[in-house]
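Structure assessment
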There are 4 protein chains.
Amino acid sequence: MRTPHEHHLHVRYAETDQMGVVYHANYLVYMEEGRTRMMAARGLPYHELERQGWALVVRKAELRYRAAARYGDEILVRTWVERVGGASIRFRYELERAGAGELLATGTTELACVDLGTEGRPPTMLPEELRARLGS
Amino acid sequence: MRTPHEHHLHVRYAETDQMGVVYHANYLVYMEEGRTRMMAARGLPYHELERQGWALVVRKAELRYRAAARYGDEILVRTWVERVGGASIRFRYELERAGAGELLATGTTELACVDLGTEGRPPTMLPEELRARLGS
Amino acid sequence: MRTPHEHHLHVRYAETDQMGVVYHANYLVYMEEGRTRMMAARGLPYHELERQGWALVVRKAELRYRAAARYGDEILVRTWVERVGGASIRFRYELERAGAGELLATGTTELACVDLGTEGRPPTMLPEELRARLGS
Amino acid sequence: MRTPHEHHLHVRYAETDQMGVVYHANYLVYMEEGRTRMMAARGLPYHELERQGWALVVRKAELRYRAAARYGDEILVRTWVERVGGASIRFRYELERAGAGELLATGTTELACVDLGTEGRPPTMLPEELRARLGS
């Protein structure tokens, strides 16, 4: 498997909750940051994909929370393309507290490709360019 | 001025921050809940307005925070139509802790009407039905 | 298994994204609404649990997205207690478009109990009252 | 007046709404990013201030929306300290589409200092270090 894409982000105050840690749903946002930055780094920004008439919609997500991220933390999001199917892609993620190297969370998301230009947005095969840029 | 529309909502855990109170940007969401519930109560749900080809976009917002809302609170959102102009509407809001009657925040938002069906979404006159339902 | 707890909510504009549907991370918020309303309905509101010195922290989450929720939709969140362990609880959820009866998403979350009053917030056994109220 | 602090950020997909633009409440989050990055740049990160026992709570906010930010945009947030009072600070912001130099929004927020270590979190004078680092 290829080396992962690495993206650094800073926890925002808005992302914390009254437990004093990052609210759990925000890890899905961090993971999305990971995969969209990866796509941009490989030459196909996600907004460009939508402009061309396709979208990637999340079909499945799995998360395991291991340690709490806190305000003031910098987080390193590692993203792998785990599997490129005919009409879907699975990404895998590891989030760690940057510097400390402490694992915060792991997860996967599976995204299906849909055709934005057709009524009902039916699932469709992955565009060739996407496959070329994300495939191994 | 007409009596305000009243909407009750419960603070969600997701809306708190590490200060142990509702994160300040969420009051704009609560105010939006107030005005869209008011529109629905007056027979023109906002999603119906968009379906007809218009949108209301926020141009100005002013908020004053007076006491902190907390998880577990029920909030009463009072909404008034403060002014109906040719191409914009101003709403006014008061949020209080339900039961306690304690004032949490006040604010106003001014929204302009735009035409979703025209490239660039130019400002447009308020549709007659909207004016009829929200005007005094 | 007991009958599920049922909670109805309305999609907020703030919860949509530019694909015109509910942003996927918000389903975790809806599921949290489901389980906290269930706790309140069984006599132990979650804020009361925190006041007593315990918190439930999400350790795992799994989601499957089946159809898109939209602005204007009312959503029915069904919540089950799937398993009560010594120090954790697993909840299961089904979200459907109310009225239509169309399944939108399913998922599970596993939450561990931690002791807020002890430095480092160590995992702890579920308080007896919580077990009594959520256990079958 | 000093030159403003400048911070660049990328719009996240999670921040858009179904109108295809950044949801209006998120501009408060962007402004907070502006002021907290400014504090960090001046040697007093906000999380350090809270660690020392103080918090800055938003008392007033005013926003004017001039053009819509979109997914894929990079935003330049300019932040000024507009006024340092005895117990409060007012910040002013300008957000523009980076590169294009197009003005997206302007706003101000007024924050009061509170004492986290005292029951009820009473307003308190600004700590000397904060005044020194943010004052002109």
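Here the structure is shown first, and the text comes after it.
The notes below deal with the structure included here.

Regarding its fold elements, chain A presents 3 helices and 5 strands. Along chain A, helices and strands appear, N-terminal first, in the series β-α-α-β-β-β-β-α. With the C-alpha coordinates of chain A rotated into their principal frame, the extents come out at 45 × 30 × 20 Å. A total of 136 residues make up chain A; the buried ones form 57% of that total. For chain A, restricting intrachain contacts to residue pairs at least 6 apart in sequence, the fraction spanning at least 24 positions comes to 65%. About 5,500 Å² of surface is accessible on chain A, with carbon and sulfur atoms providing 45% of the total.

Further remarks concern the interface of chain C and chain A. Opposite the 23 residues of chain C that make contact, chain A presents 23 residues. Here chain C meets chain A over a buried area of about 2,200 Å², counting both sides, of which 54% is carbon and sulfur. When the buried area of chain C at its contact with chain A is split by residue, Met19, His24 and Tyr65 of chain C rank highest and sum to 27% of it. Counting the contacts that link chain C with chain A gives 0 salt bridges. Linking chain C to chain A there are 10 residue pairs in polar contact (both at pLDDT 80 or more). Where the side of chain C that touches chain A is concerned, the elements lending two or more residues are α1 (26–41), α2 (46–51) and β2 (54–65) of chain C. Per element, the largest residue contribution to the side of chain C that touches chain A is 11 residues, and it comes from β2 of chain C. A per-class count over the side of chain C that touches chain A returns 13 nonpolar, 2 polar and 8 charged. Note: strand β2 (residues 54–65) of chain A against β2 of chain C, 5 bridges, orientation antiparallel. Its bridge partner being in β2 of chain C, Glu62 of chain A is matched across the sheet by Glu62 of chain C.

Taken together, the 10 strands give an open sheet; going across it, the order is β1(A)-β3(A)-β4(A)-β5(A)-β2(A)-β2(C)-β5(C)-β4(C)-β3(C)-β1(C), and neighbouring strands pair in antiparallel fashion. Since the sheet does not close on itself, it has two edges, and those belong to β1 (5–10) of chain A together with β1 (5–10) of chain C, each with one partner. Between one strand axis and the next, the sheet turns by 25° as a mean value, whatever way the strands run. Two elements, strand β3 (residues 74–84) of chain C and strand β4 (residues 88–97) of chain C, share 9 bridges in a ladder whose sense is antiparallel. Within β4 of chain C, the position partnered with Leu76 of chain C by the bridge is Glu96 of chain C.

Under the fitted operation, chain C is carried onto chain A by 0.0 Å of movement along the axis and a turn of 180°, and the coordinates agree to an RMSD of 0.0 Å. Between the two chains, the operation in question is that of a two-fold axis. Taking the C-alpha atom as reference, chain C places Glu62 of chain C closest to the rotation axis, 2.2 Å from it. Both copies contact each other with a shared surface, as 100% of the interface residues of chain C are interface residues in chain A too.

Quick look at the pairing of β3 of chain C now. All names here are of chain C. Where β1 meets β3, 6 bridges bridge the pair, whose relative direction is antiparallel. If you follow Leu9 over to β3, its bridge partner there is Ile75. Counting the residues that bridge the hairpin from β3 to β4 gives 3 residues.

Next up on the list: the sheet that holds strand β1 (residues 5–10) of chain B. With antiparallel pairing, 10 strands are arranged side by side in an open sheet as β1(B)-β3(B)-β4(B)-β5(B)-β2(B)-β2(D)-β5(D)-β4(D)-β3(D)-β1(D). Two strands lie at the open edges of the sheet, namely β1 of chain B together with β1 (5–10) of chain D, each paired on one side alone. Averaged over all neighbouring strand pairs, the angle between strand axes comes to 25°, with direction disregarded. Where strand β2 (residues 54–65) of chain D and strand β5 (residues 102–115) of chain D come together, 11 bridges link them in antiparallel fashion. Its bridge partner being in β5 of chain D, Ala55 of chain D is matched across the sheet by Val114 of chain D.

With that out of the way, let us pick up unusual backbone geometry. Residues and elements named next belong to chain C. Even without being a glycine, Arg121 presents a positive backbone phi close to 50°. Secondary-structure assignment places Arg121 in the loop between β5 (102–115) and α3 (128–134). A relative accessible area of 31% places Arg121 in the partly exposed class.

Residue and element names in this part refer to chain A. Structurally, Pro123 is set in the loop between β5 (102–115) and α3 (128–134). Each C-alpha atom, one on Pro123 and one on Ala87, is 7.1 Å from the other, the two residues being 36 residues apart in sequence. Once residues within four sequence positions are removed from consideration, Pro123 is found in contact with Cys113 and Val114.

This brings us to the pattern of salt bridges. Using the criterion set out here, one finds 63 salt bridges over all chains in the structure. Glu15 of chain B serves as the salt-bridge partner of Arg12 of chain C, at 2.9 Å between the closest nitrogen and oxygen. One end of the pair, Arg12 of chain C, is in the loop between β1 and α1; the other, Glu15 of chain B, is in the loop between β1 and α1 (26–41), on a second chain. On the basis of relative accessibility, which here comes to 6%, the residue Arg12 of chain C falls in the buried class. Between Arg90 of chain B and Glu110 of chain B there is a salt bridge whose closest N-O contact spans 3.5 Å. Of this pair, Arg90 of chain B sits in strand β4 (residues 88–97) while Glu110 of chain B sits in strand β5 (residues 102–115); the two residues are 20 residues apart in sequence, bridging distant segments of the chain. Residue classification places Arg90 of chain B among the partly exposed positions, given a relative accessible area of 23%.

A few words on the relation of the copies chain B and chain D. A rotation about an axis combined with a shift along that same axis relates the two copies of the chain. With an RMSD of 0.0 Å, chain B superimposes on chain D once it is rotated by 180° and translated 0.0 Å along the axis. Mapped onto chain D, 100% of the interface residues of chain B again fall at the interface, so both copies present the same surface.

Let us look at the side chain of Arg35 of chain D. Looking at where Arg35 of chain D falls in the secondary structure, it is placed in helix α1 (residues 26–41). Polar side-chain contacts of Arg35 of chain D include one of 3.0 Å to the side chain of Tyr93 of chain D.

Before going further, it helps to examine empty space enclosed by the protein. One pass over the structure, following the stated rule, counts 3 cavities of 30 Å³ or more. Lining the largest cavity are 32 residues, and of these Asn26 of chain A, Asn26 of chain B, Ala14 and Asn26 of chain C together with Asn26 of chain D lie nearest its centre. Of all the secondary structure elements, the ones that give two or more residues to the lining of the largest cavity are α1 (26–41) of chain A, α1 of chain B, α1 of chain C together with α1 of chain D. A breakdown of the residues in the lining of the largest cavity according to their chemical character gives 18 nonpolar, 6 polar and 8 charged.

Parameters and conventions
Residues numbered from 1 in each chain as written. Chains lettered and ligands numbered in written order. Predicted model: local features only at pLDDT ≥ 70, side-chain atom pairs only at ≥ 80, totals over all residues. Heavy atoms only, no water. Helix = DSSP H or I, 4+ residues; strand = E, 2+ residues; numbered from the N terminus. Buried < 20%, exposed > 50% of the residue type's maximum accessible area, 1.4 Å probe, protein only. Contact = heavy atoms within 4.5 Å. Areas by Shrake-Rupley, 256 points an atom, 1.4 Å probe, with all protein chains shown as cover. Buried area = accessible area lost by both parts, 1.4 Å probe. Salt bridge = Lys/Arg side-chain N within 4 Å of Asp/Glu carboxyl O. Polar contact = N/O pair within 3.5 Å; in protein donor to acceptor, adjacent residues only side chain to side chain. Nonpolar A, V, L, I, M, F, W, Y, C, P; charged D, E, K, R; others polar. Pairing = 2+ DSSP bridges. Axes fitted to C-alpha atoms, helices over the stretch in contact; angles between N-to-C directions. Least-squares fit on C-alpha atoms with pLDDT ≥ 70 in both. 1 Å grid on protein atoms, 1.4 Å probe; cavity = no way out; pocket = protein on both sides within 12 Å on 5 of 7 lines; lining within 4 Å. Points joined across faces, edges and corners; volume = space filled by probe spheres on them.

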